[in-house]
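Structure at a glance
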Amino acid sequence: MKSVSIPGANGNIHGARPRGMEASLPNRIELTSRALIRNERGSILLVRSKDSADRLWQMPGSQIRRGESCAMSIVRCLHEDLGILTWPVSAVFISDQFDTVVGHHVLSITYAVSILSGEPRVTASGQWDEAHWFPASRPPEGLAEETVNALNSREFVTFSAS
């Protein structure tokens, strides 16, 4: 690993980039938000994507659009793709990874989300082809790594959204 130094407000922040990564790679950061939704029985809502080659179960979410807050992107996504009105309650997990396959940085925030109205269902225009409730104590085989990490997280961070 090669060390990199990034100027920060209080000096320098030191980090590392994978060996062999060229400094000329574009500095693209993909921002996404995900929803950890539990029902009154403690089950968790997971989805599978129409377009995913690996067909892993994951928490619903999407890329954050220009001019959209992270919290509002999850509200939009869940309404468009699953037909439910929701509100984020707290941030429960942050995933910060470099995707070497596509060559960019991926930053994802997972929110604990409350359903205000509606019952989750796959919509024809949405990005998912399956949505199911699973007991939190017995999640399905084939979980996305980010989902496993968020489910194992015990930290909750309150936040303010506007």
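One can find the structure itself at the top, above this paragraph.
It should be emphasised that the depicted structure is a prediction, and the values quoted were computed from it without experimental measurement.

In this model helix α1 (residues 70-82) runs 18 Å from its N-terminal to its C-terminal C-alpha over 13 residues, within 8% of the 18 Å that 1.5 Å per residue would give. Along α1, the residues that are buried comprise Ala71, Ser73, Ile74, Val75, Arg76, Cys77, Leu78, Asp81 and Leu82. Where α1 is buried, its residues contact β3 (29-37), β4 (43-49), β5 (61-63), β6 (85-99), β7 (104-117) and β8 (128-135). Positive phi appears at Gly83, one or two residues downstream of α1, with a value of about 70°.

Moving on, we get to the nonpolar core. Counting residues in hydrophobic clusters, the biggest one holds 15 residues, and the most contacted among them are Ala35, Ile37, Ile74, Leu78, Leu82, Tyr111 and Val113. Of all the elements in the fold, those that place two or more residues in this core are β3, β4, α1 and β7. In terms of residues, this core owes the most to one element, α1, which gives five residues. One finds Ile44, Met59, Leu143 and Ala150 within the second-largest nonpolar core, a separate group that totals twelve residues.

Turning our attention to the environment of Arg121. By the element assignment, Arg121 lies in the loop between β7 and β8. Among the residues examined, Arg121 registers a relative accessible area of 48% and is labelled partly exposed. Considering only alpha carbons, one finds Arg121 and Ala131, ten residues apart in sequence, at a separation of 6.7 Å. With residues up to four places along the chain from it excluded, the contact list for Arg121 reads Asp81, Leu82 and Gly83.

Mapping Thr32 onto the fold places it in strand β3. The class of Thr32 is buried, set by a relative accessible area of 6%. Within the structure, Thr32 has its side chain in polar contact with the side chain of Ser108 (distance 2.9 Å). Setting aside residues no more than four positions away along its own chain, Thr32 makes contact with Ser62, Gln63, Ile64, Leu107, Ser108 and Ile109.

Attention shifts here to the packing of aromatic side chains. If you walk through the whole model with that rule in mind, you get one aromatic pair. When the ring of Trp57 is compared with that of Phe134, the centres are 5.0 Å apart and the planes differ by 70°; the resulting orientation is edge-to-face. Here Trp57, found in the loop between β4 and β5, pairs with Phe134, found in strand β8; they are 77 residues apart in sequence, far enough to count as distant. With a relative accessible area of 16%, Phe134 lands in the buried category.

Here we take up helix α2 (residues 145-152). Residues of α2 that are buried: Glu146, Thr147, Ala150 and Leu151. End-on view of α2: buried residues confined to an arc of 130°, all on one side of the axis. Seen from the buried face of α2, the exposed residues on the opposite side, beyond 90 degrees, are Glu145 and Asn152. Against β3, β4, β6 and β7 lie the buried residues of α2.

Definitions and cut-offs
Residues numbered from 1 in each chain as written. Predicted model: local features only at pLDDT ≥ 70, side-chain atom pairs only at ≥ 80, totals over all residues. Heavy atoms only, no water. Helix = DSSP H or I, 4+ residues; strand = E, 2+ residues; numbered from the N terminus. Expected span 1.5 Å × (residues − 1). Buried < 20%, exposed > 50% of the residue type's maximum accessible area, 1.4 Å probe, protein only. Contact = heavy atoms within 4.5 Å. Core = buried A, V, L, I, M, F, W, Y, C linked by side-chain atoms within 4.5 Å. Polar contact = N/O pair within 3.5 Å; in protein donor to acceptor, adjacent residues only side chain to side chain. Phe/Tyr/Trp six-rings, centres within 6.5 Å; stacked < 30°, edge-to-face > 60°. Arc of directions from axis to C-beta.

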